[in-house]
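This is what each chain is made of:
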Amino acid sequence: MLSIMKIYRSIGQLQAFRNAVITIGTFDGVHEGHRKIIAHLKQEAETINGETVIITFHPHPRKVVSSSILGIRLINTLDEKIELLADAGIDHLVIIPFTEAFANQSAEDYIQNFLIKNFHPHTIITGYDHRFGKDRLGDYRLLEKMAPVYNYVLKEIPKHVLDEIAISSTNIREAIIHSDIETADKLLGYNFFFEGVVVDGDKLGRKLGYPTANLKMSDEEKIVPGNGIYAVYIDVNRQSAIGNTENSYSRFTADDLRLKGMMSIGFRPTVDGKKKVIEVNIFDFDKDIYGKTIRVYMKKYLRPEVKFNDLDELVKQIDQDKIESLNVL
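Here is what the cut-offs are and how they apply
- Residues numbered from 1 in each chain as written.
- Predicted model: local features only at pLDDT ≥ 70, side-chain atom pairs only at ≥ 80, totals over all residues.
- Heavy atoms only, no water.
- Phe/Tyr/Trp six-rings, centres within 6.5 Å; stacked < 30°, edge-to-face > 60°.
- Lys NZ or Arg CZ within 6 Å of the ring centre and 35° of its normal.
- 1 Å grid on protein atoms, 1.4 Å probe; cavity = no way out; pocket = protein on both sides within 12 Å on 5 of 7 lines; lining within 4 Å.
- Points joined across faces, edges and corners; volume = space filled by probe spheres on them.
- Helix = DSSP H or I, 4+ residues; strand = E, 2+ residues; numbered from the N terminus.
- Nonpolar A, V, L, I, M, F, W, Y, C, P; charged D, E, K, R; others polar.
- Buried < 20%, exposed > 50% of the residue type's maximum accessible area, 1.4 Å probe, protein only.
- Pairing = 2+ DSSP bridges.
- Contact = heavy atoms within 4.5 Å.

I tried to follow the packing of aromatic side chains on my own but got confused; where do I start?
How two aromatic rings sit relative to each other is set out by the distance from centre to centre and by the angle between their planes. The tally for this structure, following the rule as stated, stands at 13 aromatic pairs. Note that K222 overlies the ring of F193, its terminal NZ or CZ placed 5.3 Å from the centroid. One residue, R258, lies across the ring of Y297, its end atom 3.5 Å from the ring centre.

What should I look at first to understand the layout of surface pockets in this one?
One simple way to see leftover space: roll a probe sized like a water molecule over the atoms. Of the pockets and cavities examined, the largest pocket occupies roughly 1,100 Å³. Taken together, 35 residues form the lining of the largest pocket, with G25, T26, H130, R131 and R136 sitting closest to its centre. Among the elements of the structure, β2 (20-24), α1 (32-47), α2 (61-65), α4 (100-103), β5 (123-127) and α7 (159-177) are those that each provide at least two residues to the lining of the largest pocket. Ranked by residue count, the leading element in the lining of the largest pocket is α7, at 6 residues. Its residues assigned to classes, the lining of the largest pocket comprises 15 nonpolar, 12 polar and 8 charged.

Explain the environment of I7 here, please?
Turning to its location among the elements, I7 is positioned in strand β1 (residues 3-8). Exposure remark for I7: the relative accessible area of 1% places this residue in the buried category. C-alpha of I7 to C-alpha of K299: the two residues are 292 residues apart in sequence and 30 Å apart in space.

Any chance you could explain the pairing of strand β13 (residues 277-282) here in plain terms?
When a strand is regular, its side chains alternate between the sheet's two faces. Within β13, 6 of the 6 residues are buried, which leaves it mostly tucked inside the rest of the structure. Burial along β13 is two-sided: V277, E279 and N281 facing one way and I278, V280 and I282 facing the other are all buried. Two elements, strand β8 (residues 213-217) and β13, share 3 bridges in a ladder whose sense is antiparallel. Each bridged residue has a counterpart across the sheet, and for A213 the counterpart in β13 is V280. Note: strand β12 (residues 259-266) against β13, 6 bridges, orientation antiparallel. Residue pairing across strands places G266 opposite V277, the latter belonging to β13.

Honestly, unusual backbone geometry in this entry has me stumped. Any pointers?
Glycine aside, the phi torsion of most residues is negative, and most peptide linkages are trans. The omega angle of the peptide bond from H58 to P59 is 0°, so this bond is cis rather than trans. Mapped onto the elements, P59 comes out in the loop between β3 (51-58) and α2. Unusually for a residue other than glycine, F27 sits at a positive phi of about 50°. Within the element layout of this structure, F27 appears in the loop between β2 and α1. Residues other than glycine seldom take positive phi values, yet H120 does so here, at roughly 45°. You can see H120 is positioned in the loop between α5 (107-119) and β5.

Before we go on, may I ask you to explain α5 in this structure?
The periodicity of an α-helix, 3.6 residues per turn, causes residues three or four places apart in sequence to face the same way. For α5, the full list of buried residues reads A107, Y110, I111, F114, L115, I116, N118 and F119. Where α5 is buried, its residues contact β2, β3, β4 (92-97), α4, β5 and α6 (140-150). Looking one or two residues past α5, H120 carries a phi angle of roughly 45°, positive in sign.

Listed below in C-alpha cells is the structure:
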C-alpha cells in the first residue's frame with residue numbers, strides 16, 4: 001500500500017495547510033501509545049476535512065538543553081521515525097531544527113510567532129504536561145488562554161494515554177537493553193529494527209561454515225540491544241523497498257524482501273573476548289554486501305553468550321541456534 005507524507009525540514013519550506021490539525025512531540029519509537037494520538041489526530045482531521053501535521057524536533061531537545069548527553073539512546077533514528085510516521089498515514093511532518101535560540105524564545109512568542117504564524121492551526125492536540133518556551137514556562141493553560149485570541153480549537157490528550165506513552169517508552173528501552181525483544185516488539189507494535197553498514201571482519205564465521213556480515217551501527221544515538229544470540233529477519237535491499245526524497249516519503253510494504261538469519265551481539269568469548277561486535281548470519285545467502293547498509297529486524301532472543309571449550313563445541317551450538325531460529329522465523 002502506497003502512502004505519501006510531505007516533509008519539511010525548516011520553517012521556510014512550509015506551505016499553507018488546509019484546516020491543520022497539529023500535535024507536537026518527539027514520537028521516539030512511534031509505538032502503540034503514540035499511535036493512539038495519531039489515530040485521534042487523523043479522526044479530528046477527517047471530521048473537519050483537514051490535514052494532519054506532526055511537529056517534531058532534531059536533534060533531540062535534551063541534547064541541546066541538557067548538560068549531559070550520555071543518557072540519550074533513541075529507539076528510532078530520524079529516518080526511521082520519518083518512515084514509521086509515513087506508514088501511519090500522516091499528511092505532513094515538520095522537523096524543526098532544535099537550537100538554543102529556539103529553546104530560549106518566550107512561551108508567548110512560541111505560540112504567536114511559531115505556532116500561529118507558521119501553521120495557522122484549526123486544532124491543536126496536546127497533553128496536559130506539554131511544556132514549551134524559555135525555562136519551559138509555557139503549558140496547556142497558556143494554550144487554553146490564547147485559544148480564543150488566535151481562534152484555534154484546543155484538545156487535550158488524556159493523562160492515561162500520556163502516562164502509557166512515558167511508561168511504554170521507558171519499558172521499551174529497558175527491554176531492548178536487556179535483550180527482552182518480545183516485550184519491546186509487543187509495546188512497539190512492530191519488530192524492533194536497526195541499520196548497520198557491513199564492514200570487514202576476521203572471516204572466522206566463514207571458516208566455521210557460518211559466514212557473517214559484521215555490522216557497524218549507522219547511528220551512534222540508536223539504542224543497542226543487549227548481548228546475546230537472536231533470531232532475526234534481514235533486509236539487504238532497502239532502496240527497492242523505499243522511495244524517499246527530501247520533501248516527501250512514500251513506502252510500500254516489502255516483507256517479501258526479508259531474509260531469515262541469526263545474529264550475535266557481544267564479545268565472542270570463545271574466540272577472543274576483547275572487542276564487542278555485531279554479526280549476522282543470513283541463511284541461504286552468498287552475495288557480496290560489503291559496504292552496504294542492511295536492516296535487521298529482531299524477532300526473538302535465543303540465548304546468552306557462552307564461552308565454549310573449543311570451536312567444535314561452538315559450531316555444534318551454532319547448529320542448534322540455526323534450527324531454533326528457523327523454528328521461530
